[in-house]
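# Summary of the model geometry
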Amino acid sequence: MSIPPDIPPEQSLIEYPSAFPIKVMGRNVDGFAEAMAELALLHDPAFDAATIEIRPSAGGNYVGLTLTITATSREQLDNIYRALTGHPMVKVVL
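So, a few notes on the structure that sits alongside this text. (Residues numbered from 1 in each chain as written. Predicted model: local features only at pLDDT ≥ 70, side-chain atom pairs only at ≥ 80, totals over all residues. Heavy atoms only, no water.)

Core analysis: the biggest nonpolar cluster contains 22 residues, and Ile22, Val24, Met36, Leu65, Leu67, Ile69 and Leu84 have the highest contact counts within it. Broken down by secondary-structure element, the contributors of at least two residues to this core are strand S1 (18-27), helix H1 (32-43), strand S3 (62-71), helix H2 (74-86) and strand S4 (90-93). The greatest single-element share of this core, amounting to seven residues, is contributed by H1. Dropping the residues within four chain positions of it, leucine 67 is found in contact with Phe20, Pro21, Ile22, Val24, Met36, Ala40, Phe47, Ile52 and Leu84. (Core = buried A, V, L, I, M, F, W, Y, C linked by side-chain atoms within 4.5 Å. Buried < 20%, exposed > 50% of the residue type's maximum accessible area, 1.4 Å probe, protein only. Helix = DSSP H or I, 4+ residues; strand = E, 2+ residues; numbered from the N terminus. Contact = heavy atoms within 4.5 Å.)

Moving on, we get to the environment of glycine 31. Inspection of the secondary structure assignment puts glycine 31 in the loop between S1 and H1. Residue glycine 31 is classed as partly exposed on the basis of its relative accessible area of 32%. A sequence separation of 58 residues divides glycine 31 from methionine 89, and the C-alpha atoms of the two residues are 9.5 Å apart.

Before going further, it helps to examine the sheet that holds strand S2 (residues 53-56). Ordered by their spatial adjacency, four strands build an open sheet running S2-S3-S1-S4, and the pairing between neighbours is antiparallel. Across the chains shown, the open sheet's two edge strands, defined by having one partner strand only, are S2 and S4. The average angle at which neighbouring strand axes cross in this sheet is 25°, direction not considered. Relative to S4, S1 is paired through three bridges, and the arrangement is antiparallel. Bridging across to S4, glycine 26 finds its partner in valine 90. Sitting on the sheet, H1 is in contact with S1, S2, S3 and S4, with an inclination near 20° to S3. Its contacts with the sheet put H2 on S1, S3 and S4, and the angle it makes with S3 is roughly 160°. (Pairing = 2+ DSSP bridges. Axes fitted to C-alpha atoms, helices over the stretch in contact; angles between N-to-C directions.)

Don't take any of this as a statement about function, it's just geometry.
Spelled out as structure tokens, the structure:
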């Protein structure tokens, strides 16, 4: 996977710092939300796990989480996306 070149701050569509929702989907298993909260805390020490939105799939086999972090930089967002997509419990990150 190639990493895109750095985008100058004046060309970024994201204003930092800002509340940034990240959608994470995985199997509906014990510990999934907690594991994602731990990852979020590693990249955003102010992350509040109580704010996680949880939506089970219609069949109940999968769950979608919305983690709203405080985005402080493009590097931080890249790092959290890499951590989430690399986690074995995660199927999709949006």
